[in-house]
Amino acid sequence: MVSTFPGLYSISIFRFYDIFKFSNFQIFKFYHMVATKSMKEITQAAWVKRPLIISGPCSAETEEQVMQTAIQLQGTGKVDVMRAGIWKPRTRPGSFEGIGTKGLPWLQKAREITGIPVAVEVATAKQVEDALHFDVDILWIGARTTVNPFSVQDVADALRGVDVPVLIKNPINPDLELWIGAVERVAKAGIKQIGLIHRGFSSYGNSEYRNAPMWHLAIEMKRRHPGMLFINDPSHICGRRDILQEVAQTAIDLDFDGLIIESHIDPDKAWSDAKQQITPARLGEMMSAIRWRKEDVASEEYHANLEKLRQQINQLDDELMQIIGERMKISEKIGQYKKDNNITILQTNRWNAILERAFKKGDKLGLSQEFITKYFDAVHMESINHQNKIMNS
Ligand code: PEP
Ligand code: MN
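**Comments concerning the coordination of the manganese ion (ligand 2)**
Those donors, Cys58 (SG), His236 (NE2), Glu262 (OE) and Asp273 (OD), are the protein atoms that reach the manganese ion (ligand 2), and they lie 2.1 to 2.4 Å from it. The sequence motif formed by the donor residues of the manganese ion (ligand 2) is C-x177-H-x25-E-x10-D. Residue Cys58 is found in the loop between strand 1 (52-56) and helix 3 (63-76), and its partner His236 is found in helix 10 (residues 234-238); the two are separated by 178 residues along the sequence.

Okay, here's the thing in structure tokens:
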């Protein structure tokens with residue numbers, strides 16, 4: 001009964017000690033422990049559920065906003081964990097820096113009513129202490145904290161001896177080692193349940209995204225931590241609403257275990273990250289529109305067909321490498337020729353001509369200019385290295 005009706009169960013407990021007005025602290029502690037235990041079970045179930053969906057406001061603003069968001073999120077039937085920022089690490093001073101500890105009881109209350117576990121960001125030992133004091137179910141380390149080993153260690157030390165799941169966002173800069181380091185620090189503190197959040201990487205200047213996804217880094221992180229919960233944060237990648245669905249779908253296609261998406265009862269009036277938040281109703285629609293995929297299916301026919309296609313890919317990759325090897329041999333011949341005639345390796349006009357030609361051809365084959373540029377840059381560098389060896393031999 002406890003796990004079937006968590007919300008009702010905890011409401012009755014809290015009403016019960018409301019009557020006693022906390023006069024009997026022992027009774028309070030006992031019932032509180034039972035209630036917390038049932039929340040622990042619910043949190044455990046959410047942690048292993050796939051896809052795991054976390055949603056809620058960027059920031060807790062008022063009790064009313066937190067309660068309404070929680071109720072509306074519960075109404076969608078799609079949300080496993082509710083997020084809300086209590087302490088907000090803002091890039092510039094003067095913006096809303098979070099409601100602080102006073103918002104934590106609002107989250108407790110939201111959880112009592114909905115039975116949905118709650119998650120908050122922690123960046124200091126004091127914040128860990130406060131969050132745990134108010135029984136927050138899941139903690140997360142934000143991108144601006146992961147980037148700083150001192151802060152991560154401070155948080156990790158405060159977590160020693162505590163049994164709470166912790167999610168770790170990637171650092172704001174594209175440095176996988178910092179992200180891995182944060183995981184190691186938290187793991188060394190004895191935290192058993194660690195998950196990763198990919199929220200993109202900041203770059204200077206305008207781009208389509210607020211934080212570039214650099215999916216290859218997420219894929220590499222996943223490869224290095226097989227089996228670790230890995231969720232995607234389209235809100236902080238996009239920074240805007242119109243491309244959220246697309247990024248969420250890409251994440252699911254790349255086999256992420258879940259999504260964390262910011263939602264607000266009145267997104268345009270949100271005190272932080274207004275442009276990227278969506279209403280709980282819209283979140284519900286987005287989740288229904290996603291094409292969920294399974295990483296594996298049992299069907300033998302599916303596996304046999306997949307294997308055939310993979311063989312074809314392997315074959316083509318072998319041929320590509322063979323051809324690139326031959327291309328390098330020609331580069332070496334050119335190098336020899338240039339050496340004999342005392343000419344420089346890099347000839348800009350020739351390089352521009354190669355790219356122009358490739359863009360045109362690539363376009364017909366459905367290859368993006370971005371890919372063509374990266375591919376030819378790599379091939380060109382390798383060519384120069386080969387020529388260099390010849391010219392300096
Ligand atoms: C957040 O989740 O609200 C947040 C501050 O995110 P990040 O650490 O990814 O910037
Ligand atoms: Mn935010």
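**Topic: the site of ligand 1**
Around ligand 1 sit Cys58, Arg83, Lys88, Glu121, Trp140, Gly142, Ala143, Arg144, Lys169, Arg199, His236 and Glu262, and that is every residue in its neighbourhood. Within the side chain of Arg144, one N or O atom sits 2.8 Å away from an oxygen atom of ligand 1. Between ligand 1 and the protein, one listed contact pairs an oxygen atom with a side-chain N or O atom of Arg199 at 2.7 Å.

**A closer look at the packing of aromatic side chains**
In this description, a pair of aromatic rings is defined by centroid distance and the angle of the planes. A full pass over the atoms with the stated rule returns 6 aromatic pairs. With centroids separated by 5.0 Å and ring planes inclined at 90 degrees, the aromatic side chains of Phe96 and Trp271 adopt a geometry described as edge-to-face. Of this pair, Phe96 sits in the loop between strand 2 (81-83) and helix 4 (104-114) while Trp271 sits in the loop between strand 8 (258-262) and helix 12 (280-289); the two residues are 175 residues apart in sequence, bridging distant segments of the chain. Exposure remark for Trp271: the relative accessible area of 40% places this residue in the partly exposed category.

**Quick look at helix 14 (residues 348-365)**
Helical geometry note: an α-helix holds 3.6 residues per turn, so side chains three or four residues apart project in the same direction. The end-to-end C-alpha separation of helix 14 is 26 Å, in line with the 26 Å expected for 18 residues at 1.5 Å each. Every buried residue of helix 14 is listed here: Trp351, Ile354, Leu355, Ala358, Phe359 and Gly362. When helix 14 is viewed along its axis, its buried side chains cluster within an angular range of 135 degrees and face the same direction. Exposed residues pointing more than 90 degrees away from the buried face of helix 14 are listed as Asn349, Arg350, Arg357, Lys360, Lys361, Asp363 and Lys364.

**Some thoughts on the sheet that holds strand 7 (residues 229-232)**
Across a sheet, paired strands are connected by hydrogen bonds in the backbone, their directions being either parallel or antiparallel. Spatially, 8 strands are ordered 1-2-3-4-5-6-7-8 in a closed barrel, and the strand pairing comes out parallel. For this sheet the average axis-to-axis angle between neighbouring strands, irrespective of direction, equals 25 degrees. Strands strand 4 (138-141), strand 5 (166-169), strand 6 (194-198) and strand 7 of the sheet are contacted by helix 8 (residues 176-188), whose axis makes an angle of about 160 degrees with strand 6.

Quick notes on the rules
- Residues numbered from 1 in each chain as written.
- Chains lettered and ligands numbered in written order.
- Predicted model: local features only at pLDDT ≥ 70, side-chain atom pairs only at ≥ 80, totals over all residues.
- Heavy atoms only, no water.
- Donors = N, O, S within 2.8 Å, 3.2 Å for Na, K, Ca; no water.
- Helix = DSSP H or I, 4+ residues; strand = E, 2+ residues; numbered from the N terminus.
- Near = heavy atom within 4 Å.
- Polar contact = N/O pair within 3.5 Å; in protein donor to acceptor, adjacent residues only side chain to side chain.
- Phe/Tyr/Trp six-rings, centres within 6.5 Å; stacked < 30°, edge-to-face > 60°.
- Buried < 20%, exposed > 50% of the residue type's maximum accessible area, 1.4 Å probe, protein only.
- Expected span 1.5 Å × (residues − 1).
- Arc of directions from axis to C-beta.
- Pairing = 2+ DSSP bridges.
- Axes fitted to C-alpha atoms, helices over the stretch in contact; angles between N-to-C directions.
- Contact = heavy atoms within 4.5 Å.

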